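Residue-level structure breakdown
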Amino acid sequence: MTTRRAPATAGKFFIEGRILREQPECQAGELPLSAYVFDKAGMLLGSAPLDTKGTYSVALGLAQPVDVELMVGPADIPQQIRHSSAYRKAFSAKDWKKVDGERFRLTFDTVLPLDIWRPWWPLRICISGHVRKVSHHDGATTVCPVPFVKVEIFDVDRESCLWPPLRRWWELLLDRPVIRLPELLAEPPVPVQPFPGPDPVPDLNPVTIRDLRGGTVAAQLESARLNLHAPAAAGTVGKVSSLAENIAINPQPEPPGHTRVGEVRLLNAGLAARLEKLTLTSKIAPWVIFPHCFYSKAEVAETTTDYMGYFSTCFNWWPLHFRRGRLRFDSRPDILLKVTQIIDGVSTVIYLDPYTSTRWNVTHAHIDLYLDNEEVVCGSGVSPDPLAGSPVFFTRIGDDEVYKISQTSGLFSEGSLSQVAYGGTLHITGQFGDALTTGAPARYYRLSYARHGSSDFTPITTPLSDTRVDKATYDGEAHHLGPKTVNGVPALYEVRNFSDYLWYNPDWLGTWHSWLTEADSNVYLLRLEVFDQNGVKLTSALGVDYRDGTVAPPAVLPAMTDRCDLAITLDNKAPVVNLTIPAVLNECGVIPWSTTLSLDFQVQVTQENNRLRSWGLYYTKGISPTIHYLASGTSNTGLPGSVTPTVSGGSAAPAPGSGMLTGLSSTCAFALKLWARAHVRDGRQFIYYREQLQAIAIEKCPPCPVCL
């Protein structure tokens, strides 16, 4: 905005008065306002702030009385005010009054209605969220928090560019937590059903969406008294890109309230709810992928996730604010987040777009965000704050609390589940008090095991590393904790320094590959001991408060002398399965049809140590993927540890109509699967699964004069 140069007569023309706001007490604090004066050519002649009583006096650089326009709006933004719908009052040259010889003055007092000035006032917006990583390994899905990472919050304004690919993928996105933008832009791997229309609107094509949104835009702008520049507005109703270009408004304006955003608000509630947790992710900014879709972006806040991956921040939000030189109405932010994780000096950046899930009210929004990038490191979600003093104790094996492990039998029990042994890879967790975790002096610990009743302990030496985050810079690094040799003492692990660092897995003590211990089932003692910076073992008398973590809360953990011991039963025996089909005629599995065919199967399922969790026998017919169970069993105690039933696969199968011979009218092939799982956990799931597959064909000719 150019200001007209003041002529020699500057200071002889004044516009003065008092401008009050209707019901100013309805908002706390003060909103600084200014009076701006422009000539008919749009040149700024002068401006002055309104004082606390609303009075103003604007000196103008004029040589003679001319037509002018007075505008009132937020302070220090004359260029934006000129192109906005801020309050304005026009005066003609004849309105000037000559006073004191050569001085000219205009006096104007008014009261600004509430619906004019209130949109200028900022809202207090608070955003909280949860950043988690989704991983898929060996058919299992795990979700873990992403701690101590920087979260930058952007307000963006965009066209509906993402809606066509979302429509193309919609059926595959239901109940899905995350999809990457490059994947979304590709063709779906399988055809999907036609996209369903919203409840009140029969068709949801992009034109309909724009028309609907255009009507909403016009209504919002009218209610906010924005300057619509009549020619542009009249010719572009329903064309979001033109409105954005000419008026620079949000294409998705909605009044504050609990509502879904964008096109998703047009879906019926059931479908929209199944899309709510979907996060769109990208390694590069979406406005780089869609350069013509994001026409506005601004960082509004910055924060950091905690150890559980949660974040929370607040900022002021102006429903009427200025972007690209124009006053825009935007009833709530349209949020996009940038997450930055720095480990070993390498920054991993992921943009998270909760396009379908953001819901707002005036003061708060909570957004669940998921990502599936392999480069992102996640944590365990355990509090980084150690206990006071110098206690040391075991807490969990995997996810199983150690107080649920019997110290007589070494077996795990919870609810109706009992007599569960442990095997496979065991993740061991525990606690150290803050007196042992200062890092100065350093402290170390050793994990070892021995068969119950033996004094011959073997140290665990599985390498252990964790990600630590500098409390001052929030930069992370991978840190090797052990095993280390300290002053000639081997197999020691470093106690984490909590004074200077935050840790992704603060309670992870080590990993025990239990299958390397012994093949037979036995009770073992797992031992935890603490050492000083010189490799000298610290006993109870030397200041370490060893505790028995196997006592159920809320009881106080009793003391142990000079070590922490945990009794635990190991069993690394997998079940054995065997399926016999007596009716098979040859090695190809062909069984001739007869009216007396019984089709009985001999099932043998055993576990060497009598720990059988579950088993089942089922079949599939021909090319159909439908599973038909013939028999199955589950045990909460592992007993009986062996089953040898005879299972009928014919029409007399347990489930009515599920027999393999039911409705058979011609030769047909079947696939049989016998499977079993041991009553053995790794602290998170039952492990040691075995299965046996067999294929048969029942040879039956359809009714005809001659069987071929």
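Details of the structure are given in the entry above.
Owing to the predicted nature of the structure, the values given are computational and were not obtained by experimental measurement.

Bringing the state of the cysteines into the picture now. Enumeration over the complete set of coordinates arrives at three disulfides. The disulfide partner of Cys 161 is Cys 293, and the S-S distance across this bridge is 1.8 Å. Between Cys 161 and Cys 293, the S-S torsion sits near -90°, and that sign places the bridge as left-handed. Highlighted residues: Cys 161 in the loop between strand 12 (150-158) and helix 3 (163-173) and Cys 293 in the loop between helix 9 (286-289) and strand 16 (294-304), separated in sequence by 132 residues.

Considered as a void within the structure, the largest pocket measures approximately 1400 Å³ in volume. Lining the largest pocket are 40 residues, and of these His 137, Thr 142, Cys 144, His 427 and Arg 684 lie nearest its centre. At the level of secondary structure, the elements contributing two or more residues to the lining of the largest pocket comprise strand 10 (123-137), strand 11 (140-145), strand 28 (425-432) and strand 31 (464-470). Here the residues of the lining of the largest pocket sort into twelve nonpolar, 17 polar and eleven charged.

Turning to helix 3, its buried residues are Trp 163, Pro 165, Leu 166, Trp 169, Trp 170 and Leu 173. The buried residues of helix 3 occupy one face: seen down the axis, they fall within an arc of 160°. After helix 3 finishes, the residue Asp 175 shows a positive phi value of roughly 65°.

That bond from Pro 553 to Pro 554 is cis: its omega, 10°, falls within 30 degrees of zero. Assignment of secondary structure puts Pro 554 in the loop between strand 39 (545-546) and strand 40 (564-570). Note that the residue after Leu 639, namely Pro 640, is joined by a cis bond; omega there is -5°. Relative to the assigned elements, Pro 640 resides in the loop between strand 45 (628-634) and strand 46 (642-643). Of note, the phi angle at Asp 175 is positive, near 65°, even though the residue is not glycine. With respect to the helices and strands, the residue Asp 175 is situated in the loop between helix 3 and strand 13 (178-180). Given a relative accessible area of 53%, Asp 175 falls into the exposed group.

Let's shift gears to the packing of aromatic side chains. Inspection of every chain in the model, using the stated rule, returns 16 aromatic pairs. Aromatic side chains Phe 13 and Phe 104 sit 4.8 Å apart centroid to centroid with 5° between the ring planes, which places their arrangement in the stacked category. Of this pair, Phe 13 sits in strand 1 (residues 13-21) while Phe 104 sits in strand 8 (residues 103-107); the two residues are 91 residues apart in sequence, bridging distant segments of the chain. The exposure classification of Phe 13 matches that of Phe 104, with both residues buried. An angle of 75° between the planes, with centres 5.7 Å apart, marks the rings of Trp 287 and Tyr 351 as edge-to-face. Taken together, the positions of Trp 287 in helix 9 and Tyr 351 in strand 21 (residues 346-353) put the pair 64 residues apart, joining distant regions of the chain. Comparing Trp 287 with Tyr 351, the two get one shared label, buried. The ring centre of Phe 686 lies 5.6 Å from the NZ or CZ of Arg 681, which sits over that ring. Above the plane of the ring of Trp 593 lies Lys 700, whose end atom (NZ or CZ) is 4.1 Å from the centre.

Once that is clear, we can look at the side chain of Asn 505. Structurally, Asn 505 can be placed in the loop between strand 35 (501-503) and strand 36 (508-513). Relative accessible area serves as the criterion here: at 15%, Asn 505 is assigned to the buried category. Of the polar contacts made by the side chain of Asn 505, one reaches the side chain of Asp 466; its length is 3.0 Å. Here Asn 505 is in contact with Gly 379, Ser 380, Asp 466 and Arg 496, once residues within four sequence places are set aside.

What the rule picks out here adds up to 29 salt bridges. Here Lys 40 ties to Asp 67 by a salt bridge, and the two come within 3.7 Å at their closest N and O atoms. Of this pair, Lys 40 sits in the loop between strand 2 (33-39) and strand 3 (44-49) while Asp 67 is found in the loop between strand 4 (55-60) and strand 5 (68-74), placing the two residues 27 residues apart along the sequence. Given the relative accessible area of 68%, Lys 40 is considered exposed. Residues Glu 69 and Arg 88 are paired through a salt bridge, measuring 3.6 Å at the closest nitrogen-oxygen approach. On the criterion of sequence distance, the pair formed by Glu 69 in strand 5 and Arg 88 in strand 6 (residues 87-91) is long-range, its members being 19 residues apart. Classification of Glu 69 as buried rests on a relative accessible area of 17%. With relative accessibility at 31%, the residue Arg 88 sits in the partly exposed group. The network of salt bridges with shared partners includes Arg 132, Lys 277 and Asp 368.

Enumeration over the complete set of coordinates arrives at six cavities of 30 Å³ or more. What the largest cavity holds in volume is close to 70 Å³. Tallied by class, residues from the lining of the largest cavity come to six nonpolar, three polar and two charged.

Extensive coverage of strand 5 is indicated by the burial of seven of its seven residues. Two strands pair when backbone bridges link them, and strand 2 and strand 5 are joined in this way by seven bridges, in the antiparallel orientation. Each residue of the ladder has a partner; that of Val 37, found in strand 5, is Leu 70. Note that strand 5 and strand 6 share five bridges and pair antiparallel. Note that in strand 6 the partner of Leu 70 across the bridge is Lys 89.

Looking now at the sheet that holds strand 3. The strand order 3-2-5-6 describes an open sheet built from four strands, whose pairing is antiparallel. At either end of the open sheet lies a strand with only one pairing partner, and these are strand 3 and strand 6. For this sheet, the mean angle separating the axes of adjacent strands, direction not counted, is 20°. Where strand 2 lies against strand 3, five bridges are found, and the strand directions are antiparallel. Looking at strand 3, one finds that Phe 38 is bridged to Leu 44.

Rules and cut-offs
- Residues numbered from 1 in each chain as written.
- Predicted model: local features only at pLDDT ≥ 70, side-chain atom pairs only at ≥ 80, totals over all residues.
- Heavy atoms only, no water.
- Disulfide = S-S within 2.5 Å.
- Helix = DSSP H or I, 4+ residues; strand = E, 2+ residues; numbered from the N terminus.
- 1 Å grid on protein atoms, 1.4 Å probe; cavity = no way out; pocket = protein on both sides within 12 Å on 5 of 7 lines; lining within 4 Å.
- Points joined across faces, edges and corners; volume = space filled by probe spheres on them.
- Nonpolar A, V, L, I, M, F, W, Y, C, P; charged D, E, K, R; others polar.
- Buried < 20%, exposed > 50% of the residue type's maximum accessible area, 1.4 Å probe, protein only.
- Arc of directions from axis to C-beta.
- Phe/Tyr/Trp six-rings, centres within 6.5 Å; stacked < 30°, edge-to-face > 60°.
- Lys NZ or Arg CZ within 6 Å of the ring centre and 35° of its normal.
- Polar contact = N/O pair within 3.5 Å; in protein donor to acceptor, adjacent residues only side chain to side chain.
- Contact = heavy atoms within 4.5 Å.
- Salt bridge = Lys/Arg side-chain N within 4 Å of Asp/Glu carboxyl O.
- Pairing = 2+ DSSP bridges.
- Axes fitted to C-alpha atoms, helices over the stretch in contact; angles between N-to-C directions.

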